[in-house]
Structure formats: structure tokens, C-alpha cells
Amino acid sequence: MKQVFIVDDSSTMLMSLKSTLEISGFKVETACDGEQALGKIKAGLKPDLIITDINMPKMDGILLIKEARKILRFTPILALTTESQVAKREEAKKLGATGWLVKPVAGSDLVKVVNQVVPKG
């Protein structure tokens, strides 16, 4: 079973994304900010995909992408945010983000993108 690691400071968003992905057959791990997420990665978590919010307290998604890339060099990372600024996208991409999702993302669209990035087969 493929594992998706979701990082977002909104508990509502975490619950929504987690239930959508679990219903679709994914194992889901969550963290409420970049600092907690990086701690889990450093402790040995090796997800098949990371989906991270950009605007979070303690450590934002941009820094998380940068730090996670040092450990998980080939794990796909999707940035999930309300930000539609081109500069933020470019920065995330430069640091190793695989793609970009703009909130709110419909459950069916999320599952479609996740299946493209980490096929279940």
C-alpha cells in the first residue's frame, strides 16, 4: 500500500485529505507543520509522496521541501496552497517540488493527481 504524508496546519484540511486518500486505498501519515514533518522524516518515515501546505507556522512548506530533499532525494513532493503566486511556485520547484495543487482541491482531483504521481501498481 502506497503511503502519502500530508503536512498542513489546518486540522480540517488534514482530516479531509486523509479521509479522501484512505478511501482511495492509500496509507496516510500527517503532520501539523514543517518542523513536525521533518522530525518524522528524520526519524525514518519514508513516504511514497509528500503533500505539503506552504504557509505554516514554525517551518513553512518551502523550507520543508528544501530540508526533506536532503533526506528523501527522489520522493515526489506536491505543494498544496492557496498561493497562486508564480514566484512561490518557482521557488518551490527550484527546491525540489514535483508539482503544485491550489486549495481548495476537489477530492476526485486530488486522487487523480496522487495516482499519476504514485501509481498503485
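In what follows, the structure referred to is the one given above.
(A) Fine view of the side chain of T20. Checked against the element boundaries, T20 lands in helix 1 (residues 11-23). At 2.9 Å, the side chain of T20 forms a polar contact with the backbone oxygen of S16. Setting aside residues up to four positions removed in sequence, T20 forms contacts with G107, L110 and V111.

(B) Representation of the sheet that holds strand 1 (residues 3-7) in the model. Strand order in the open sheet made by the 5 strands is 2-1-3-4-5, with parallel pairing throughout. Where the open sheet ends on each side, the last strands, each with one partner, are strand 2 (27-31) and strand 5 (99-102). Going from strand to strand, the sheet's axes swing by 20 degrees on average, the running direction of each strand aside. Bridge analysis of strand 1 against strand 2 gives 5 bridges, and the strand direction is parallel. Looking at the pairing, I6 lines up with T30 of strand 2. Helix-sheet contacts for helix 2 (residues 34-42) involve strand 1, strand 2 and strand 3 (49-53), and the interaxial angle to strand 1 is about 150 degrees. Where helix 5 (residues 107-117) meets the sheet, its contacts fall on strand 1, strand 3, strand 4 (77-81) and strand 5, and the angle it forms with strand 3 comes to roughly 135 degrees.

(C) View of the pairing of strand 1. In terms of burial, strand 1 is a largely internal element, 5 of the 5 residues being buried. Of the two faces of strand 1, both are covered, the one formed by Q3, F5 and V7 as well as the one formed by V4 and I6. Viewed along the sheet, the connection from strand 1 through helix 1 into strand 2 turns out right-handed. The sheet contact formed by strand 1 and strand 3 spans 4 bridges and is parallel. Opposite V4, over in strand 3, you have L49 as the bridge partner.

(D) Structural detail: the nonpolar core. Within the largest apolar cluster, 21 residues are counted, with the highest numbers of intra-cluster contacts made by F5, V7, I50 and L64. Listed by contribution, the elements that provide at least two residues to this core are strand 1, helix 2, helix 3 (61-71) and strand 4. Top contributing element to this core by residue count: helix 3, with 4 residues. Ignoring anything within four residues of it in the chain, the contact list for I50 reads F5, V7, I41, A68, L72, T75, P76, I77 and L78.

(E) Spotlight on the environment of A79. Positionally, A79 belongs in strand 4. Take A79: its relative accessible area is 0%, and that puts it in the buried class. Taking C-alpha positions, A79 is 12 Å from K94, a pair spaced 15 residues apart along the chain. Not counting the four nearest positions on each side in its chain, A79 is found in contact with T52, I54, G99, W100 and L101.

(F) Just the pairing of strand 4, in detail. Of all 5 residues in strand 4, 5 are buried; the element is thus mostly enclosed. Residues I77, A79 and T81 line one face of strand 4 and the alternating positions L78 and L80 line the opposite face, and both faces are buried. Pairing geometry for strand 3 and strand 4, over 4 bridges, is parallel. The partner of I51 across the bridge, within strand 4, is L78. Taken together, strand 3, helix 3 and strand 4 form a β-α-β motif whose crossover is right-handed. Of the strand pairs in this sheet, strand 4 and strand 5 are connected by 4 bridges, and their pairing is parallel. Looking at the pairing, L78 lines up with G99 of strand 5.

Rules of the game
Residues numbered from 1 in each chain as written. Predicted model: local features only at pLDDT ≥ 70, side-chain atom pairs only at ≥ 80, totals over all residues. Heavy atoms only, no water. Helix = DSSP H or I, 4+ residues; strand = E, 2+ residues; numbered from the N terminus. Polar contact = N/O pair within 3.5 Å; in protein donor to acceptor, adjacent residues only side chain to side chain. Contact = heavy atoms within 4.5 Å. Pairing = 2+ DSSP bridges. Axes fitted to C-alpha atoms, helices over the stretch in contact; angles between N-to-C directions. Buried < 20%, exposed > 50% of the residue type's maximum accessible area, 1.4 Å probe, protein only. Right-handed = clockwise from strand over helix to strand, strands pointing away. Core = buried A, V, L, I, M, F, W, Y, C linked by side-chain atoms within 4.5 Å.

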